[in-house]
Amino acid sequence: MTPAPRILMAASEMAPFAATGGLGDVLGALPPALAALGAEIHVVLPAYRTNTSPAAHGPIHTSLWVPRGEGLREVGLRTLRHRDVAVSFVVADEYFGRDGLYGDQRGDFSDNAARFAFFAHAVMALAARLEPPPDVIHCHDWQTGLVPALLRITAGPRLARLPTVVTIHNLGYQGVFSADVWPLLGLDRRYFTPQHLEYYGQVNFLKAGLVFADALTTVSPRYAEEIQTPEHGHGLDGVLRERRGVLRGIVNGIDTTQWDPRRDPHLAAPFSADDLSGKAACKAALQRAWGLPIAPRVPLFGMVTRLAEQKGLDILAAALPDLLAHDLQIVILGRGDERYERWLQEAGRRDPSRLAVRLAFDEALSHQVEAGADAFLMPSRYEPCGLNQLYSLRYGTVPVVRATGGLDDTIDDVDAVPDRGSGFKFSEFSAAALTATVRRVLARYADTAGWQRIMREGMRRDHSWGRAASTYLDLYREVLARR
C-alpha cells in the first residue's frame, strides 16, 4: 500500500486557536481526520495576538529567515502538537500582534497585502526547513494564495517540483489589492498580467493560487460548478473554466466529537436518534432562555449566521411579516451588517413572543439553538458548503435551505424523495419561495410521527470528516503521481 503523504497545510485560521467561521472549523477538523488515516500533517498559521489557546502563546522554539523587501527578516516559530497534528505559529508581531485577524471595528487592516505576502514567504521558508520535506503543500483561501506562485517561480531545486493544492472556501473573498503592492510579493513584474496575478488592474492573491496550483478544490460539487459561471464566479469564472480539469468539489465534514447531541455539555439534556426525549427539554430550555413562551407544539425555527446578504437576510426581511403571521417561533443568533442587526432588533421588539434575537457569536448558544430548534433556516443567496445544515441534521433539527452549493448537495427534499428526505429545499431566491417552503414545513410538522421520521433520517447520516479526508488523501496521491 502506498504510504500516506506528508502534508504541509497553510491557512490563516484553525480552531481552536483562531477562527472567524467555516475556514477555521475546517482546519480544526480536517488535519486530525487526515492524521487518523495515517498522514503526517503539519499546519502553519500566523501567531495572532488574539489566538484563544494558551498553547499558541508558549515559548518560541526556533526561527526562520523570511524575505522582506531586499533583505531577510528573522521570525520566531512556535510549534506544538494538537490532536496528532504538528502546528507551527509564525511570530511576527508587526504583522500579527494586533487585535483582529483581518481587521477591526474600522474595517480591514490597510496592510493586509503585506501581512499575508509575508506569511506566504514564511510558509515557503518553513517548507524549506522541514526534514524530510513535505510531499504536498495544501493552501486555503486567498491568504495563502501566493504560495503556489512563489513555489513555481522562485523556489530552489529542493522545493520546485513540490505539488500544491488550493482549496476555495468562499470565492467571494479573494484578496484583491492595488497594483502598488506588487513590490511586496517578491515576484518578477512580468507576472503582473491577466494570465497570472493581474485582475482588472489590481493584484489578486487568490488568482495566484488558482493559476499556479496543481489541483483546486472547493467545498461541494455543486459549488464547483457554480463558480464557473458569471453569476457565482466573482470575476474569476473564466480562470476556473480554464482550470476545470483540475477542479473538484469535496463536501466538508463536521467534527462529530464536538457536535454530538448524546454528549454535548452545552445542552439541557442529551438525546439521540434512538431516544429523542431529551430534545423536548432542549427546546423548552431554549424558549425559556430566549424569553419565548414555552410551547412544545409550536414549531421553533433557528438560525445561526453571519447577518449578511449572502446568507439571504434580504429575502428573510421581506418574508418575515408573512412568517410571523403563522403560529411559530424564530430564534436568530449572529452578528454582521449593521442594517440587518438594527432591523432584527426592531422586529424582535415588535413581536417578542414569536421572534428572539441575540447579536453575538457564541459557541454555547449556537449548540443550544441547533439542539432546541425544530427546524433550521438557511435561505442563502449562495453557500459554498455550509456547516450548520450538517450540524442540524445531526441534532434532529430539520434544515430549510435554498438549493445552492453545498446546501443542495447535502439535503434531500422530503417531497422530492419521500423515502429518504432529510429537509426542505427551494430554488428561487425570493421571499415568496421561502414563505411557501415554511408553509410546507408547518404542514409536515403537524404530523408528529412523520416529522420524527424526517428527524431520524438526518440524524443517521454520516457527515463526519472520515470520508472527506479519504478523498483528500486520494487527491494528494494523484498530484504526486502527476509530478
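An account of the accompanying structure is given in this report. Keep in mind it's a predicted model, so treat the numbers as computed, not measured. (Residues numbered from 1 in each chain as written. Predicted model: local features only at pLDDT ≥ 70, side-chain atom pairs only at ≥ 80, totals over all residues. Heavy atoms only, no water.)

Turning next to the overall build of the protein. When helices and strands are tallied, the protein shows 16 helices and 20 strands. Taken against the 2.2 N^0.38 rule, which gives 23 Å for 483 residues, the C-alpha radius of gyration of the protein at 23 Å falls within 12% of a compact globule. Taken along its principal axes, the extent of the C-alpha atoms in the protein is 65 × 45 × 40 Å. Residue burial in the protein is summarised as follows: out of 483 residues, 59% are buried. Within the protein, counting contacts between residues at least 6 apart in sequence, those at least 24 apart form 71% of the total. Roughly 19300 Å² of accessible area belongs to the protein as shown, and the carbon and sulfur atoms make up 50% of that amount. Positive and negative side-chain charges of the protein, numbering 53 and 55 respectively, have mean locations separated by a distance of 2 Å. (Helix = DSSP H or I, 4+ residues; strand = E, 2+ residues; numbered from the N terminus. Rg over C-alpha atoms; globule rule 2.2 N^0.38 Å. Buried < 20%, exposed > 50% of the residue type's maximum accessible area, 1.4 Å probe, protein only. Contact = heavy atoms within 4.5 Å. Areas by Shrake-Rupley, 256 points an atom, 1.4 Å probe, with all protein chains shown as cover. Lys, Arg positive; Asp, Glu negative; His and termini not counted. Charge placed at Lys NZ, Arg CZ, Asp CG, Glu CD.)

Below, the discussion takes up the sheet that holds strand 12 (residues 202-204). Spatial strand order, 10-12-11: three strands in an open sheet with antiparallel pairing. A single partner strand is all that each edge strand has here, and the edge strands are strand 10 (176-177) and strand 11 (198-199). Looking at chain direction, strand 11 and strand 12 are connected through two bridges and run antiparallel. Looking at the pairing, Glu 198 lines up with Val 203 of strand 12. The sheet strands contacting helix 5 (residues 205-212) are strand 10, strand 11 and strand 12, and the helix crosses strand 12 at an angle near 55°. (Pairing = 2+ DSSP bridges. Axes fitted to C-alpha atoms, helices over the stretch in contact; angles between N-to-C directions.)

Next up on the list: the pattern of salt bridges. Close approach of charged atoms allows side chains with opposite charge to pair. For the structure on display, the rule yields 34 salt bridges. Residue Arg 190 pairs with Asp 188 through a salt bridge whose shortest N-O separation is 3.9 Å. Overall, Asp 188 belongs to the partly exposed group, its relative accessible area being 42%. Note that Arg 381 and Asp 314 form a salt bridge whose closest N and O atoms lie 2.5 Å from each other. With Arg 381 in the loop between strand 18 (375-378) and helix 12 (388-394) and Asp 314 in helix 9 (residues 313-324), this residue pair connects regions lying 67 residues apart in the sequence. Through salt bridges with shared partners, a single network forms among Arg 222, Glu 226, Asp 408 and Lys 425. (Salt bridge = Lys/Arg side-chain N within 4 Å of Asp/Glu carboxyl O.)

With that settled, the discussion passes to the environment of Glu 383. Among the secondary structure elements, Glu 383 is positioned in the loop between strand 18 and helix 12. Judged by relative accessible area, which is 5%, Glu 383 ranks as buried. In this structure, the C-alpha to C-alpha distance between Glu 383 and Leu 162, residues 221 residues apart in sequence, is 32 Å. The contact partners of Glu 383, leaving out residues within four places of it in the chain, are Gln 310, Lys 311, Met 378, Thr 404, Gly 405, Gly 406 and Leu 407.

For the rest of this paragraph, the subject is the side chain of Thr 167. Tracing the backbone through its elements, the reader meets Thr 167 in strand 9 (residues 164-168). Side chain to side chain, Thr 167 and Thr 217 meet in a polar contact 2.6 Å long. Filtering out sequence-adjacent residues up to four positions away, Thr 167 remains in contact with His 138, Cys 139, His 140, Asp 141, Thr 217, Val 219 and Tyr 472. (Polar contact = N/O pair within 3.5 Å; in protein donor to acceptor, adjacent residues only side chain to side chain.)

Glancing now at the sheet that holds strand 13 (residues 215-218). Taken in spatial order, the nine strands line up as 3-4-5-2-1-8-9-13-14 in an open sheet, and their pairing is mixed. Among the strands making up the open sheet, the edge pair consists of strand 3 (62-68) and strand 14 (247-249). Each strand of the sheet is rotated relative to its neighbour by a mean of 25°, with strand direction disregarded. Contacts between helix 1 (residues 22-36) and the sheet are confined to strand 1 (6-10), strand 2 (40-46), strand 5 (85-91) and strand 8 (136-140), with strand 2 contributing the most and set at about 155° to the helix.

The interhelical angle for the contact between helix 1 and helix 16 (residues 465-482), taken along N-to-C directions, is 70°, at an axis separation of 9 Å. As summarised for this structure, helix 1 and helix 16 are arranged roughly perpendicular, according to the angle between their axes. Across the interface between the two elements, Val 26, Ala 29, Leu 30, Ala 33 and Leu 34 from helix 1 touch Trp 465, Ala 469, Tyr 472, Leu 473 and Tyr 476 from helix 16. Here the contact of helix 1 with helix 16 is composed, by residue class, of ten nonpolar, no polar and no charged. (Parallel < 35°, antiparallel > 145°, perpendicular 65-115°, else oblique. Nonpolar A, V, L, I, M, F, W, Y, C, P; charged D, E, K, R; others polar.)

For Ala 284, the location among the structural elements is in helix 8 (residues 277-289). For Ala 284, a relative accessible area of 18% gives the class buried. Sequence separation between Ala 284 and Pro 183 is 101 residues; the distance between their C-alpha atoms is 59 Å.

Here the focus is the packing of aromatic side chains. Any pair of aromatic rings gets described here by the distance separating the centres and the angle formed by the planes. Taken as a whole, this structure holds 20 aromatic pairs when the rule is applied. Seen in terms of ring centroids, Phe 17 and Phe 89 are 5.2 Å apart; in terms of plane orientation they differ by 80°. Their pairing is edge-to-face. Here the residue Phe 17 occupies a position in the loop between strand 1 and helix 1, and Phe 89 occupies one in strand 5, the gap between them amounting to 72 residues. Across this residue pair, the class does not change: Phe 17 and Phe 89 are buried. Residues Tyr 48 and Phe 96 carry aromatic rings whose centres are separated by 5.9 Å and whose planes lie at 85° to one another, so their mutual orientation is edge-to-face. In this pair, Tyr 48 is assigned in the loop between strand 2 and strand 3 and Phe 96 in helix 2 (residues 93-96), connecting sequence segments 48 residues apart. Using a relative accessible area of 0% as the deciding quantity, one classes Phe 96 as buried. Here Arg 358 stacks its cationic end above the ring of Trp 290, 4.6 Å away from the centre of that ring. (Phe/Tyr/Trp six-rings, centres within 6.5 Å; stacked < 30°, edge-to-face > 60°. Lys NZ or Arg CZ within 6 Å of the ring centre and 35° of its normal.)

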